[in-house]
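These are the residues of each chain, in order.
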Amino acid sequence: MAESMKFQYKDYRNPDKEVLSVPFNSKRKRMVTVYRSSDPGKYEVHVKGAPEILLSRCTRIIGRGGDVKELQDRGEIEARVFTRYARIGYRSLLIAHKIIDAAEFDINECRANDYTKLEEGLTLVAIVGIEDPLRENVKESVEICKRAGITVRMVTGDNIDYARSIAIQCGIVTREEMDPSNLEYKEFACMLGQDFHREVGGIVKVPDPYSPDKTRDRVGNPEKFAQIARELRVLARSQPEHKYLLVTGLKEDEKNVVAVTGDGTNDAPALKKADIGLAMGITGTEVAKEASKIILLDDNFSSIVTALKWGRNIYLCVRKFLQFQLTVNVVALAVAVVSGFAHFVVPPINAIQMLWVNIIMDSFAALALATEPPSDKLLLERPYGKTESILTRSMWRNIVCVAIYQIAVLLTVMFLKPEFILRTTPDREKNLSLIHISEPTRPLYISYAVFCLKKKKKKKKKQK
């Protein structure tokens, strides 16, 4: 903004004159910088931050002509400026300053009272509206998540009007859900962090049922939390402990799989508490990355949809592999057991043959299922619960039906046409018995025997 007005801020910012700098954080919502003034014995205090916090600390305002006058119409400024900015999707930033005597400035005293003394009696300089446009495909990604059965909630430190506007643009909530006169209105769709904390009773410590010597965190009022969580979509002016409170409450329901995004050091407790923590790869801190399970390299919400699609595809491939393996092994086991009771001298399949069959089945099945690309149709399915069995009823039905069919075919061939399984000569076919085979037959071990003999010969040569 300064450069657009042909001002070079570096010419006015002299690091040698800086006396104190209090950085912005999510709790204070403002920052303070103190400089030595060009007037001897004076200090300049510059403050910027959330308008709803700093406006009440301003006593004067700079008018259009540059004259300083008393600030009286705070309510009008709030309604006409930053409230209107927030409703149209602009993030507001209030800039103020004041000049103090050197005798009034004491760093130790300022630190003791959280720098509040420096933030009193300010002169309002300007309120800036900053447009923060949505990234591409964010709205489409939110809609995909909704179709996939995922509830998207926005937890932000911005004021409630701005958060509500952005949530409507993203499709997280609708205008009807925010309108009290509408039938679709939800009372708890948008809340302030402090109101949410008060309603649900905060975090309480309770004994851990699995470790009596330890305690675990729980929501103070689970019934109220469940009522709010059904409607909550936007949590504005929230602090890290509010995000942690929300994650803790959602995880108390075993059916929920909770995923959380974060980039700051203060987000680490919530990222670690969640089932799936997603840290920002570009803007995220190292602490946040260490606490998370997935790192988004491009800091894009659309990447979450990609991760969701691949995760569901892997889960589906595991289910297919288990269904295939269980079916084949049940059939092989049933054939081996029946042949044992039928008193075959040489079973249709023995241990070594079973091993070779398993090696071939496992390798080819794993390659086929592991290389299957994900489909967009996976995003239309309902999510899987943490306690849901990996083998569904339909899978058990397929395993049983296919196994019965294969066992029936194999037993029919084994008893009615044994020459298909056991190698015999025409002279001995008439001596074959369906229940007892008088002469042992030679299974086809040629390739395996040759392989083993070559290894034995090599070992003997080395020993010599």
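Scope of this entry: the structure provided in the associated data block. These numbers were taken from a predicted model, which means no experiment stands behind them.

Conventions used here
- Residues numbered from 1 in each chain as written.
- Predicted model: local features only at pLDDT ≥ 70, side-chain atom pairs only at ≥ 80, totals over all residues.
- Heavy atoms only, no water.
- Core = buried A, V, L, I, M, F, W, Y, C linked by side-chain atoms within 4.5 Å.
- Buried < 20%, exposed > 50% of the residue type's maximum accessible area, 1.4 Å probe, protein only.
- Helix = DSSP H or I, 4+ residues; strand = E, 2+ residues; numbered from the N terminus.
- Contact = heavy atoms within 4.5 Å.
- Axes fitted to C-alpha atoms, helices over the stretch in contact; angles between N-to-C directions.
- Parallel < 35°, antiparallel > 145°, perpendicular 65-115°, else oblique.
- Nonpolar A, V, L, I, M, F, W, Y, C, P; charged D, E, K, R; others polar.
- Pairing = 2+ DSSP bridges.
- Salt bridge = Lys/Arg side-chain N within 4 Å of Asp/Glu carboxyl O.
- Lys, Arg positive; Asp, Glu negative; His and termini not counted.
- Polar contact = N/O pair within 3.5 Å; in protein donor to acceptor, adjacent residues only side chain to side chain.

Here we come to the nonpolar core. By size, the foremost hydrophobic cluster in this structure holds 24 residues, and its most contacted members are V34, L94, F105, L118 and L124. Breaking this core down by element, the ones donating at least two residues are β1 (18–22), β2 (30–36), β3 (42–49), β4 (58–62), α3 (74–87), β6 (90–101) and β7 (122–131). Leave out the neighbours within four places in its chain, and L94 touches V47, K48, G49, P51, L54, L55, C58, L124, A126 and I127. Among the nonpolar cores identified, the runner-up in size contains 23 residues, and F188, F196, V260 and L271 belong to it.

We now examine the packing of helix α8 (residues 193–200) against helix α9 (residues 222–229). Two quantities define a packed helix pair, namely the angle between the helix axes and the distance between the axes. Put simply, α8 and α9 touch, their axes get as near as 8 Å, and they point 140° apart. Taken together, α8 and α9 sit at an angle that is classed as oblique. Counting all contacts with α8, which are made through F196, E199 and V200, the residues of α9 involved are K224, F225 and I228. Each residue belonging to the contact of α8 with α9 can be placed in one class, and the counts come to four nonpolar, no polar and two charged.

The strand order across the open sheet formed by three strands is β8-β12-β9, and the pairing between neighbours is parallel. Edge positions in the sheet fall to β8 (154–155) and β9 (190–192), since each has one partner strand and no second. Sheet topology note: the β8/strand β12 (residues 234–236) ladder contains two bridges and is parallel. Directly across from M154, in β12, lies its bridge partner V234.

A word on the pattern of salt bridges. Per the counting criterion, the structure on display carries 20 salt bridges. Across the pair D161 and R164 runs a salt bridge, and its minimum N-O distance is 3.1 Å. Of this pair, D161 and R164 are both found in helix α6 (residues 160–170), three residues apart, which corresponds to roughly one turn of the helix. The class of R164 is partly exposed, set by a relative accessible area of 25%. Its salt-bridge partner being E199, residue K224 comes within 3.9 Å of it at the nearest N-O pair. Remark: E199 occurs in helix α8 and K224 occurs in helix α9; sequence separation between them is 25 residues. Bridged by salt links that share partners, the residues R28, R30, R57 and E119 form one connected network.

So, on to the side chain of D208. For D208, the position within the fold is in the loop between β10 (203–207) and β11 (215–219). R216 provides the closest opposite charge to the buried, salt-bridge-free D208, at an N-O distance of 4.8 Å. A distance of 3.2 Å separates the side chain of D208 from the backbone nitrogen of Y210, its partner in a polar contact. In this structure, D208 is in contact with K214, T215 and R216, ignoring residues within four places of it in sequence.

Only one face of β3 is buried, namely the one carrying Y43, V45, V47 and G49, since none of K42, E44, H46 and K48 on the opposite face is buried. With seven bridges connecting them, β2 and β3 associate as antiparallel partners. Opposite T33, over in β3, you have H46 as the bridge partner. Here β2 folds back onto β3 in antiparallel fashion, the turn holding five residues, of which G41 has a positive phi close to 75°.

Moving on, we get to the sheet that holds strand β15 (residues 294–296). The strands that make up a sheet are held in pairs by hydrogen bonds between backbone atoms, and each pair lies either parallel or antiparallel. Pairing within the open sheet is parallel, and its three strands lie in the order β13-β14-β15. The open sheet has two free edges, formed respectively by β13 (259–262) and β15, since each of these has just one partner strand. Here the average twist between neighbouring strands, direction ignored, is 25°. In this structure, strand β14 (residues 276–280) lies alongside β15, joined through three bridges in parallel fashion. Within β15, the residue paired with M280 across the bridge is L296.

In short, geometric facts, not functional conclusions.
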